[in-house]
Every structure is written in structure tokens, then in C-alpha cells.
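Reading the structure
Listed below are the residues making up each chain.
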Amino acid sequence: MGDAIIADPLLGIDHETVAEKKKKQSKYLKIALFLLLILVATSGYSFNDKITAVLLSRQTIDDHSLSLGTVSDVVESENGVVAADDARCSEIGASVLRRGGHAVDAAVAITLCVDMYKNDASAKSLGALSMGGPGEIAGLYEAWKRYGRLPWKPLFEPAIELARGGFVVLKPGETCYNPELARSLETISEQGPGASYNGAVGEKLVNDVKKAGGIITMDDLRSYKVRVTNAIYSNLYTASGRELGLHRLIEAMKHMFAARMDLGDPGFVNITNAMNQMLSKTHAEEIRKKIFDNTTFPPDVSMTSTVNYGFGAGVLSPSTGIVLNNEMDDFSVPAEITPDRLPPAPTNFIEPNKRPLSSMTPLVITKDGEFVAALGGAGGMHIIPAVLQVFLNCFVLNMKPKQAVESARIYHRLIPNVVSYENFTAINGDHIGVSEDTKMFLAERGHELKAVSGGAIVQLIVQSFKEEKKKR
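Residues numbered from 1 in each chain as written. Predicted model: local features only at pLDDT ≥ 70, side-chain atom pairs only at ≥ 80, totals over all residues. Heavy atoms only, no water.

**Focus on the overall build of the protein chain**
Looking only at helices and strands, the protein chain features 16 helices and 15 strands. Sorting the 472 residues of the protein chain into buried and exposed places 47% on the buried side. (Helix = DSSP H or I, 4+ residues; strand = E, 2+ residues; numbered from the N terminus. Buried < 20%, exposed > 50% of the residue type's maximum accessible area, 1.4 Å probe, protein only.)

**Some points on the environment of R409**
When you line up the elements, R409 lands in the loop between α14 (401-406) and β11 (410-411). On the basis of relative accessibility, which here comes to 1%, the residue R409 falls in the buried class. With 22 residues separating them along the chain, R409 and V387 place their C-alpha atoms 9.7 Å apart. Among the polar contacts made by the side chain of R409, one reaches the main-chain carbonyl oxygen of V405 at a distance of 3.0 Å. (Polar contact = N/O pair within 3.5 Å; in protein donor to acceptor, adjacent residues only side chain to side chain.)

**Quick word on the packing of helix α5 (residues 157-165) against helix α6 (residues 179-191)**
Two elements in contact, α5 and α6, have axes separated by 7 Å at closest approach and are oriented at 160 degrees. One element, α5, and the other, α6, form an angle in the roughly antiparallel class. Our pair here, α5 against α6, has a crossing hand that is left-handed. Contacts between α5 and α6 involve A159, I160, A163 and R164 from the former and P179, A182, R183, L185, E186 and S189 from the latter. Among the residues forming the contact of α5 with α6, the class breakdown is 6 nonpolar, 1 polar and 3 charged. (Axes fitted to C-alpha atoms, helices over the stretch in contact; angles between N-to-C directions. Parallel < 35°, antiparallel > 145°, perpendicular 65-115°, else oblique. Left-handed = near helix turned anticlockwise from the far one by under 90°. Contact = heavy atoms within 4.5 Å. Nonpolar A, V, L, I, M, F, W, Y, C, P; charged D, E, K, R; others polar.)

**Quick notes on the side chain of H447**
Looking at the element boundaries, H447 is found in the loop between α15 (436-444) and β14 (449-452). The residues contacting H447, other than those within four sequence positions of it, are H247, I250, E251, T296, V419 and L442.

**Quick notes on unusual backbone geometry**
Although it is not a glycine, D368 sits at a positive phi angle of roughly 55 degrees. Relative to the helices and strands, D368 is located in the loop between β9 (363-367) and β10 (370-378). Phi angles above zero are rare outside glycine, and N398 is one such case at about 60 degrees. Relative to the helices and strands, N398 resides in the loop between α13 (383-395) and α14. Of the residues examined, N398 reaches a relative accessible area of 64% and is grouped as exposed.

**Let's talk about the UniProt feature "binding site: L-glutamate" (unreviewed entry) in the protein chain**
With numbering matched to this structure, UniProt assigns "binding site: L-glutamate" (unreviewed entry) to T306, V307, N308, D330, S358, S359 and G380. Within the secondary structure, D330 sits in the loop between α12 (281-289) and β9. Within the secondary structure, S358 is located in the loop between α12 and β9. (UniProt positions renumbered as here; feature names shortened; annotations may be inferred.)

**With respect to the confidence of the model for the protein chain**
Counting all residues, the mean pLDDT for the protein chain is 75, and 72% of those residues have values of 70 or more. The model gives residues 4-72 a pLDDT under 50, and that stretch makes 226 contacts with residues more than four places away or in other chains. Predicted confidence for residues 300-310 stays below pLDDT 50, and this span has 45 contacts to residues more than four positions away or in other chains. (pLDDT = per-residue confidence, 0-100.)

Listed below in C-alpha cells is the structure:
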């Protein structure tokens, strides 16, 4: 897995740019289509004419008026589909593409817009010390520099307008304004990422973080580099039916979360052997032999983990309007081994400039070199099993895309040795839940079951080809 460290004069950092050679055009398409997902699924927006795609989520929208609570949550288009966690952001992304923008242009505009809606204080971890080095602006800029078609500055305008003009939160009549963020975004749009990493916005942010008890410095910001790595490729292996398949999936997830403890930032630890083993068909066969269809086993490793589902550290930088992240929570720390906690994972211990282990699971599905689908999710460690199940539902169990997303999902974290299953009512009134037969099937094999009102949110975009349509 090769990687490149990226720098740029606009970042205001005195070191050379490491430029990658251009890849094949098909790889550009895969990356662009993935970037359009923006991970969390609540809404979609479509526009017309060239290819066909379907976007699914568990929350319904009207694809023209963007109002919530309509009868269909399937968005079809013959040109492209944009998905974000808020309908207004989806429309912003679609408008960028209508102006001739690249998928990355839309990704930049959508991400800036999505950040405007992260205001659920009850879901946030607390404290400025939980903040990791902010890399979003630098990452967006690098993607835009490689693939963008539209100018940088106009991509910020919708988010700036939302920050300054306000937007409705929770219920009609409650409006959120963030004029400081509007000014910060304006500065970044005019001066480039250097304003964040070696300029006025960065200096204000550092001062506010220090006042709140944090330790980030301007040197931390100046030294930040974007790291671009190659995608991981894997072939599809066989699977089994729904109920037995769920049992096998639960057992496989236990092995997956145990193997995950060997992963960490490849810039600091050598994870080549661990990755090769995880992708090995031979290793998969060895794990399969340890899975029995008639029973479950307690895990080999005592593990429970604190997962960060929040949108930040619960700290707002008053002079910039920026909500601090709490990425430090994704690191492992040295601790005494106890029966109810995850054993320390040295590969993911905190070090300066190190990136924490993430549960992000973006997938791009191809067949014979052609794009077929893209999917991703949000929800901490629930992301991995949720994305996997939607993938299996659609491409192994041959469910329609809508059914693949809406089907209830199960989760397991190795410790506690409990299977969580979704059981809730969606905003359109549909009940999402595992059938009684499935629960009985799992219970008979020794699984302890627990209903949960929510897990991860998954977006799925599927492309169907005109030749396939003619056959139907």
C-alpha cells in the first residue's frame, strides 16, 4: 500500500509538494463517486439525464421539495445522485454538479454544509484535550486540487450563507446562527487552507483551545500533512442464507474486532502482516472452521470499548465559530487489563502527529472494471457491521437496494458477548426490527440478544446499466 504526503504553498508550509502520478481514469471515477456519499444518510437529491442510480436511506424525503416525511425514500436519476445528512446540503451538492462541477467540488461544498448541522450538544464528548489536529480543510483542498473543476471560493458560499443567515434546528422557530464561522469560512475561501494552518483562523483557534484547556499549538497546525493512500481491494467470497448467515456473521464479527486491535496508523506502526492476513482467503477459511452453525462461543479476548458517537468535544471556539473535534477518543491508552475493558492496543497508542484508528468503512463496488455501487455509514464501531450487512443484503442475498438498507441490522463488539438488534420506528412510520423467527434461531444457538433503538446509518448508491434494464 503506497502513500504520499501532500503539502502545498497555500498551506503556508515550507516543504516540497510530493505529487503522485496520475492514475487511470476509472480510479478517478471510483474516488469521486465515493466522495459523494459523505457517509451519513438522511436525505438525497437528484438531477437528470445520463446514468441511472438509486439512493436509499431510512429517512424519507421528497426529491424536489426536500421536505421530510414523504412516501418515498428512493431517489432515481439518469445523471447522478447526491446524498448528505441534511436535505439542504444535498441540494447544495446537486447545484454544484449542475454548474458542471466534479464530484469532488460537490464533496467540498456538502462537507462544509454538513458541518453546519452538528449541533447536538447531548451527543458530544467534553473537553478541549480531546481535540485532534484538524485535517478536514487540508483534506478537502487536496481532493479539490486533484479533481475539482469549479473555483475553490464559490464552494464555500452556501455554507457561509447558512452560517450567517441561520438555519432551523430541532423544530420550526428555533434558528441557529454562527456569524464567526461565516467569517472564518470566508477567510479560508479567499486565502486557501493556509488561513487555517498558518494564518489568522488558525491563530484564533489555537488561542481559544488553550483558553479552554487544550494544548494544540501553531506548530501542530503548520506541521499537518495530508496523507493519500491506496484503496484496499478484495474479492467477494460466498455467503449463506439470511438466518444462518446472521449467526455466521455475528461469529465472524467477533474475530474481526479482535483482529482490529492489531491495526493503527501505518505511518507509525507496521501493519502490513495484519492487513495481509485480514485479506487472506486462507485466513478466512481458518476462521470459518472455528465457526459452528449450531452454537456460539464466548470471545477469546476480554473487550469492551468506549465509542465516540458525538460530533465533537463539546467546545466551541468563540472567535472562529469552529466546533472542536474529539478524535483523541479514538486512540487506545495504556491501562490495567480488567474483565470488562478492551486490552490496551499498542498499535493505537497516542503519539504526536499520529492518526487514531477509525471505524470508517467506505466501499466502492466494481464489476469488470465498471462502477456498480458505493456505500458508507456513520455510527462509531457500528459502522463496520452495518455497512457489511447492507453490502451482503444487496449483493449476496440479492435484495433490492431499498430493502437492503431498510432491513434491520445486528451488531456485536466482541465484549460484552451480546448481540444487539435494531428495533425502532422510522420517521415515516415503518417499523424496523428483527423477526421473531430470527431471534429464536439466534437464541437457540446461545446468543444473548438485546434490542436497541438505533445503530449506524448507511447510505447506498447503486448504478444500473441500460442493457440490464432492457433485459427486464
